[in-house]
Number of protein chains: 2
Amino acid sequence: MSRSLKHVEIREYVRGLVEGSAPGTAAPSERDLVDRFGVARMTVRQALDALVGEGVLERFPGRGTFVAGPRRTPTGVASFTEDMARRGMVAEARTLAAEHVVAGERLARALQVVPGTPVVHWRRLRMADGRVVCLSDAYLDHGRIPGLLDALPASLYVELGARGTRPTWAEDVLTAGIATPDEATLLEVPGGAAVLRHNRRALAGEVVVEVSRTVYRGDAYTMSLQLSS
Amino acid sequence: MSRSLKHVEIREYVRGLVEGSAPGTAAPSERDLVDRFGVARMTVRQALDALVGEGVLERFPGRGTFVAGPRRTPTGVASFTEDMARRGMVAEARTLAAEHVVAGERLARALQVVPGTPVVHWRRLRMADGRVVCLSDAYLDHGRIPGLLDALPASLYVELGARGTRPTWAEDVLTAGIATPDEATLLEVPGGAAVLRHNRRALAGEVVVEVSRTVYRGDAYTMSLQLSS
DNA sequence: TAGTGGTCTAGACCACGAA
DNA sequence: TCGTGGTCTAGACCACTAA
């Protein structure tokens, strides 16, 4: 039994008709859909309203309803793996540490846990197409990601997604600086090299799921951002 | 004559009722509004749909309609002046150059003009609370901002807003590097100091309104970003 | 002029939540 | 039980666009 609402049925019918069509292609008129489905016009409008809200269709009074062009979407919360994939590169990681540590004052506050709570610390050297790009330290509340250290995932965000806590919101801070001697060694750059530091607090809903510090080689990484309004 | 549509009148009435109310406060029920305005319920729903879409109200079936909590909004397209104001600091600028130049190949492509077009170049040293923070070079299509150089505004984006072409979309690229000797002199930092480079292409709708390169002192500027989804 | 989307009416039945 | 929002009907008139 796939009992479905009429406006949902109409919406999905139109979505199917329209997907793959070039922007500007005419969608069925509201009265066409009224005849086809034998419903009231308000019901058809409810279906089309949803598609217009999603950016699938555009309405032009007096002309009709048409397939909308692709919407520009601002940069979202992405992981290193996804960031590299978008550039057509393959991300790799070498785990340098995967351990439990006790959260100090600042880390505890950032992670929304009480100081002294055991926290997962995961340090990775990250590569893109085999070249060293950055060094990242991620901290996660152990209680919210049980067993993470037992089977380290290839992509943290994908793993969090599978657990239903993929970050939907991130508070990032970016600064430019000089690599410390340890960073320079790990990143394989000379002393005095420029690095891009990227600190993140990632939330899923209202819950902090990750606090991380990443140090990028200035000569091997550029950060791209699309911002709207 | 302020002939206004009924759903608009109801929407603004409810918006006025609700603004300043604590999140969770009950809004009038749909049937209350039907009685008060003497309209059909579909009209009331159209008004409330708009407020729900804006994030002003939330509906809970079986319970009612309530004032929504403040929405988290991702970082938008802001100018240096606005960026500093958000931190409670006062932005200042010292203009180092304000001139017409001829667009070369790359700049012309970025600005969507034909090579050889006269373009405005505006170089400023920027301060926050009196401290030097960055050096910025902005390029604008002279034809789209006539007279800009005759009366240099305090904030470029505010001026563009007044002309109806404030950027609504930005494509930013961030890198970390070492200050060149010239940059070091202007930014008042020693040789070898780290800088954050910020290149921007800002659009209003589909039109490129600004192409800029900004060099921030690594020790005097941190970039904050909020990202969603 | 014919067709389109925008607005609006005056009802109806339903599932759900709170009392 | 009563009030709420969710869904739906079968019309209507309007302004606008394109032919």
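Refer to the structure presented above.
This text gives an overview of the structure that appears in the document.

The rules behind the values
Residues numbered from 1 in each chain as written. Chains lettered and ligands numbered in written order. Predicted model: local features only at pLDDT ≥ 70, side-chain atom pairs only at ≥ 80, totals over all residues. Heavy atoms only, no water. Helix = DSSP H or I, 4+ residues; strand = E, 2+ residues; numbered from the N terminus. Contact = heavy atoms within 4.5 Å. Areas by Shrake-Rupley, 256 points an atom, 1.4 Å probe, with all protein chains shown as cover. Lys, Arg positive; Asp, Glu negative; His and termini not counted. Charge placed at Lys NZ, Arg CZ, Asp CG, Glu CD. Axes fitted to C-alpha atoms, helices over the stretch in contact; angles between N-to-C directions. Parallel < 35°, antiparallel > 145°, perpendicular 65-115°, else oblique. Left-handed = near helix turned anticlockwise from the far one by under 90°. Pairing = 2+ DSSP bridges. Near = heavy atom within 4 Å. Polar contact = N/O pair within 3.5 Å; in protein donor to acceptor, adjacent residues only side chain to side chain. Least-squares fit on C-alpha atoms with pLDDT ≥ 70 in both. Nonpolar A, V, L, I, M, F, W, Y, C, P; charged D, E, K, R; others polar.

1. Description of the overall build of chain A
In terms of regular secondary structure, chain A is built from 7 helices and 9 strands. Principal axes of the C-alpha set define a box for chain A whose edges measure 70 × 40 × 30 Å. Across chain A, contacts joining residues at least 24 apart in sequence account for 59% of those joining residues at least 6 apart. Of the roughly 11,700 Å² that chain A leaves accessible, carbon and sulfur atoms contribute 53%. Across chain A, the mean location of the 29 positive side-chain charges is 5 Å away from that of the 27 negative side-chain charges.

2. Side note on the packing of helix 1 (residues 6-18) of chain A against helix 2 (residues 30-37) of chain A
Residue and element names in this part refer to chain A. Packing of helix 1 against helix 2 brings their axes to within 12 Å, and their N-to-C directions diverge by 120 degrees. Regarding the angle of helix 1 to helix 2, the classification is oblique. Considering the relative orientation of helix 1 and helix 2, their crossing is right-handed. Contact residues: helix 1 offers E9, I10, Y13 and V14, while helix 2 offers L33, R36 and F37.

3. Some points on the sheet that holds strand 5 (residues 131-141) of chain B
Pairing in this open sheet of 7 strands is antiparallel, and the strands run 9(A)-6(B)-7(B)-8(B)-5(B)-4(B)-3(B) from one edge to the other. Here the strands that pair on one side only, and so sit at the sheet edges, are strand 9 (223-228) of chain A together with strand 3 (91-102) of chain B. Strand-to-strand twist across the sheet, computed as the mean angle between neighbouring axes with direction ignored, equals 20 degrees. For strand 4 (residues 118-128) of chain B and strand 5 of chain B, the ladder comprises 10 bridges, and the chain directions are antiparallel.

4. Some details on the protein's contact with DNA strand C
Contacts to DNA strand C come from 26 residues, most closely from R41 and T65 of chain A together with K6, A40 and T43 of chain B. At the protein interface, 62% of the atoms of DNA strand C within 4 Å belong to sugar or phosphate. Take T65 of chain A: an N or O atom from its side chain is 2.7 Å from a phosphate oxygen of DNA strand C. The contact in question runs from a phosphate oxygen of DNA strand C to an N or O atom on the backbone of K6 of chain B, over 2.7 Å. Elements that contribute at least two residues to the surface near DNA strand C include exactly helix 2, helix 3 (41-54), strand 1 (57-60) and strand 2 (64-67) of chain A together with helix 1 (6-18) and helix 3 (41-54) of chain B. With 4 residues, helix 3 of chain B is the largest single contributor of residues to the surface near DNA strand C.

5. Describing the environment of D49 of chain B
Inspection of the secondary structure assignment puts D49 of chain B in helix 3. For D49 of chain B and A202 of chain B, which are 153 residues apart along the polypeptide, the C-alpha to C-alpha distance reads 32 Å.

6. Considering the relation of the copies chain A and chain B
Here chain A sits on chain B after a turn of 180 degrees about the axis and a move of 0.1 Å along it, with an RMSD of 0.3 Å. The transformation just described matches what one would write down for a two-fold rotation axis. Here 100% of the contact residues of chain A are again contact residues in chain B; the copies associate through an equivalent surface.

7. A look at the protein's contact with DNA strand D
Close to DNA strand D lie 26 residues, the nearest being K6, A40 and T43 of chain A together with R41 and T65 of chain B. Each atom of DNA strand D within 4 Å of the protein belongs either to a base or to sugar and phosphate, the latter forming 62%. One of the side-chain N or O atoms of S29 of chain B is found 3.2 Å from a phosphate oxygen in DNA strand D. Within the side chain of R59 of chain B, a nitrogen or oxygen atom sits 3.3 Å from a phosphate oxygen of DNA strand D. When contributions to the surface near DNA strand D are tallied by element, the ones reaching two or more residues are helix 1 and helix 3 of chain A together with helix 2 (30-37), helix 3, strand 1 (57-60) and strand 2 (64-67) of chain B. Grouping the amino acids of the surface near DNA strand D by side-chain chemistry returns 8 nonpolar, 9 polar and 9 charged.

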